[in-house]
Amino acid sequence: FATTALKSKLVVVLGHTDCGAVAAAVNPPKNAPGHISTLINEIRPAAEKCADQPGDHVGNAVKQNVIDQVMKLRKLEPIMKDKYESGEVLIVGGVY
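Because the structure is predicted, anything quoted here is derived from the model rather than measured.

**Student:** How would you sum up the overall build of the protein? Please name residues and give values.
**Tutor:** On a plain count of helices and strands, the protein comes out with four helices and two strands. When the helices and strands of the protein are read in sequence order from the N terminus, they spell out β-α-α-α-α-β. In terms of overall dimensions, the protein has C-alpha extents of about 40 × 30 × 20 Å along its principal axes. Evaluated residue by residue, the protein yields a buried proportion of 28% over its 96 residues. Just so you have it, the protein exposes about 6300 Å², and 58% of that area is on carbon and sulfur atoms. Of the side-chain charges in the protein, 11 are positive and 10 negative, and the distance between the mean point of each set is 4 Å.

Here it is in C-alpha cells:
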C-alpha cells in the first residue's frame, strides 16, 4: 500500500533485540495463544538458519529474520519486486 498509494520510496524492515516473538521461535512454547503460533512459524526458518552460529541465538535469529524478510519483500510479486528491481523503491533492514 505504502509504495503504491503513498509513493513511499523506502521500506525498512526493523527488528529489535530481545524480541519475544523471535525468542518463542527459538524456544517454542507448548500452547501458544491465538495467532502467536502463526508468527512463530514465520520466524522459525530464521531461527533454524542460525542455530549453529556462535553467540546469542535469539539475537542472531533477530538479525537473520530481518535479512529473510527483506529478501522476501524484494521478491514479492507483482508490485514490490518490480519497484525494487527498477530502483524505484529501496528495501533495507536494520536492528535496534
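**Student:** Give me the lowdown on the packing of helix α2 (residues 36-49) against helix α3 (residues 57-75), citing residues and values where you can.
**Tutor:** Running from N to C, α2 and α3 point in directions that differ by 120 degrees, and their axes come no closer than 8 Å. On the basis of their axis angle, the class for α2 and α3 is oblique. Judged by the sense of rotation from one axis to the other, the crossing of α2 with α3 is right-handed. Facing E42, I43, P45, A46, A47 and K49 of α2, the residues of α3 in contact are H57, A61, Q64, N65, D68, Q69 and K72. Its residues placed into classes, the contact of α2 with α3 shows five nonpolar, four polar and four charged.

**Student:** Give me the nonpolar core: which residues, what numbers.
**Tutor:** Core analysis: the biggest nonpolar cluster contains 12 residues, these being C19, V22, A24, A25, V26, I40, I43, A47, C50, V58, A61 and V62. Elements that contribute at least two residues to this core include exactly α1 (20-26), α2 and α3. In contact with V26, not counting residues within four places along its chain, are A47, H57, V58 and A61. The next biggest cluster of nonpolar side chains, apart from the first, holds seven residues, and it includes V11, V13, M80 and I91.

**Student:** Kindly report on the environment of K49, identifying the contributing residues and their values.
**Tutor:** Secondary-structure assignment places K49 in helix α2. Residues K49 and A61, spaced 12 residues apart in sequence, show a C-alpha to C-alpha distance of 7.9 Å. Contacts of K49, omitting those with residues within four sequence positions, involve Q64 and D68.

**Student:** An account of the pattern of salt bridges is requested, with residue identities and associated values reported.
**Tutor:** Applying the stated criterion across every chain yields a total of three salt bridges. Of the charged contacts, one joins D68 and K49 as a salt bridge, the two residues approaching to 2.9 Å between their closest N and O atoms. Note that D68 is positioned in helix α3 and K49 in helix α2, a separation of 19 residues in sequence.

What counts as what
- Residues numbered from 1 in each chain as written.
- Predicted model: local features only at pLDDT ≥ 70, side-chain atom pairs only at ≥ 80, totals over all residues.
- Heavy atoms only, no water.
- Helix = DSSP H or I, 4+ residues; strand = E, 2+ residues; numbered from the N terminus.
- Buried < 20%, exposed > 50% of the residue type's maximum accessible area, 1.4 Å probe, protein only.
- Areas by Shrake-Rupley, 256 points an atom, 1.4 Å probe, with all protein chains shown as cover.
- Lys, Arg positive; Asp, Glu negative; His and termini not counted.
- Charge placed at Lys NZ, Arg CZ, Asp CG, Glu CD.
- Axes fitted to C-alpha atoms, helices over the stretch in contact; angles between N-to-C directions.
- Parallel < 35°, antiparallel > 145°, perpendicular 65-115°, else oblique.
- Left-handed = near helix turned anticlockwise from the far one by under 90°.
- Contact = heavy atoms within 4.5 Å.
- Nonpolar A, V, L, I, M, F, W, Y, C, P; charged D, E, K, R; others polar.
- Core = buried A, V, L, I, M, F, W, Y, C linked by side-chain atoms within 4.5 Å.
- Salt bridge = Lys/Arg side-chain N within 4 Å of Asp/Glu carboxyl O.

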